Amino acid sequence: MKKLFLLVAMAFITSVASAQISAEKFNQMNINISKQAMENKLSYFGFAYNSNQVLVGVIGQTQVEISFTVAENGLIEEMQVRDVNTLNQAQYNQRMNELQQSIRGQEDRITIESQGPTNGRYRIIQILR
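Note that the structure is predicted; figures quoted are calculated from it, not measured.

Draft legend 1. Just the packing of aromatic side chains, in detail. Using the criterion set out here, one finds 2 aromatic pairs in the structure. Relative to Phe45, the ring of Tyr44 lies with its centre 5.1 Å away and its plane at 80°, an arrangement referred to as edge-to-face. The class of Phe45 is buried, set by a relative accessible area of 9%. Ring centres of Tyr92 and Tyr122 lie 4.2 Å apart, and the angle between their planes is 20°; this geometry places the pair in the stacked category. Here Tyr92, found in helix α4 (residues 89-102), pairs with Tyr122, found in strand β6 (residues 121-128); they are 30 residues apart in sequence, far enough to count as distant. Like Tyr122, Tyr92 is buried.

Draft legend 2. A look at the pairing of strand β5 (residues 110-118). Here β5 pairs with β6 via 7 bridges, running antiparallel. Looking across to β6, one finds that Ile112 is bridged to Gln126. Counted between consecutive antiparallel strands, the loop separating β5 from β6 contains 2 residues, among which Asn119 sits at a positive phi close to 55°.

Draft legend 3. Representation of the nonpolar core. The biggest cluster of nonpolar side chains holds 27 residues, and the ones touching the most others in it are Phe26, Met38, Leu42, Phe47, Ile66 and Met79. Secondary structure elements with two or more residues in this core: α3 (35-44), β2 (55-59), β3 (62-70), β4 (76-83), α4, β5 and β6. The residues touching Met38, leaving out its near neighbours within four places in the chain, are Met29, Asn30, Ile31, Ile33, Phe68, Ile76 and Met79.

Draft legend 4. Spotlight on the environment of Glu77. Tracing the backbone through its elements, the reader meets Glu77 in strand β4. Counting along the chain gives 46 residues from Glu77 to Ile31, while the straight-line C-alpha distance between them is 7.7 Å. Once residues lying within four places of it in the same chain are set aside, the contact partners of Glu77 are Ile31, Thr69, Val70, Ala71, Leu128 and Arg129.

Draft legend 5. Broad picture of the sheet that holds β5. Strand order in this open sheet of 6 strands is β1-β2-β3-β4-β6-β5, and the pairing throughout is antiparallel. Both outer strands of the open sheet, β1 (48-49) and β5, are each paired with one neighbouring strand and no more. Docked against the sheet, α3 engages β1, β2, β3 and β4, running at close to 165° with respect to β3. Packing of α4 onto the sheet brings it into contact with β3, β4, β5 and β6, and relative to β6 it is tilted by some 15°.

Calculation criteria
- Residues numbered from 1 in each chain as written.
- Predicted model: local features only at pLDDT ≥ 70, side-chain atom pairs only at ≥ 80, totals over all residues.
- Heavy atoms only, no water.
- Phe/Tyr/Trp six-rings, centres within 6.5 Å; stacked < 30°, edge-to-face > 60°.
- Buried < 20%, exposed > 50% of the residue type's maximum accessible area, 1.4 Å probe, protein only.
- Helix = DSSP H or I, 4+ residues; strand = E, 2+ residues; numbered from the N terminus.
- Pairing = 2+ DSSP bridges.
- Core = buried A, V, L, I, M, F, W, Y, C linked by side-chain atoms within 4.5 Å.
- Contact = heavy atoms within 4.5 Å.
- Axes fitted to C-alpha atoms, helices over the stretch in contact; angles between N-to-C directions.

See below:
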């Protein structure tokens, strides 16, 4: 019984670890594809719709929600990536620095915005065009 439990636990841990995408790899994704094609690509990395019909997953170590704006031609025009968790001032400053370093040289297609502070907490949004 213990061996079976350990086998199941190892399989779960392996699937969770492999179902993440690095921030660098995510930033290199081409978004000029259809929404369905992007959903398929993201599902490979463990993204899925939750009960509120929001696409959620993990980029690096950060849980995020993703939404799309689709152009008339059916291709993604803009993809918004919101951090799920709100951050205090120190966490916000650290995360903004990390994100600015990760998009260096790509500022023409990726911008970073924030919501807040609401009750002293911030939420970060990356917008890919």
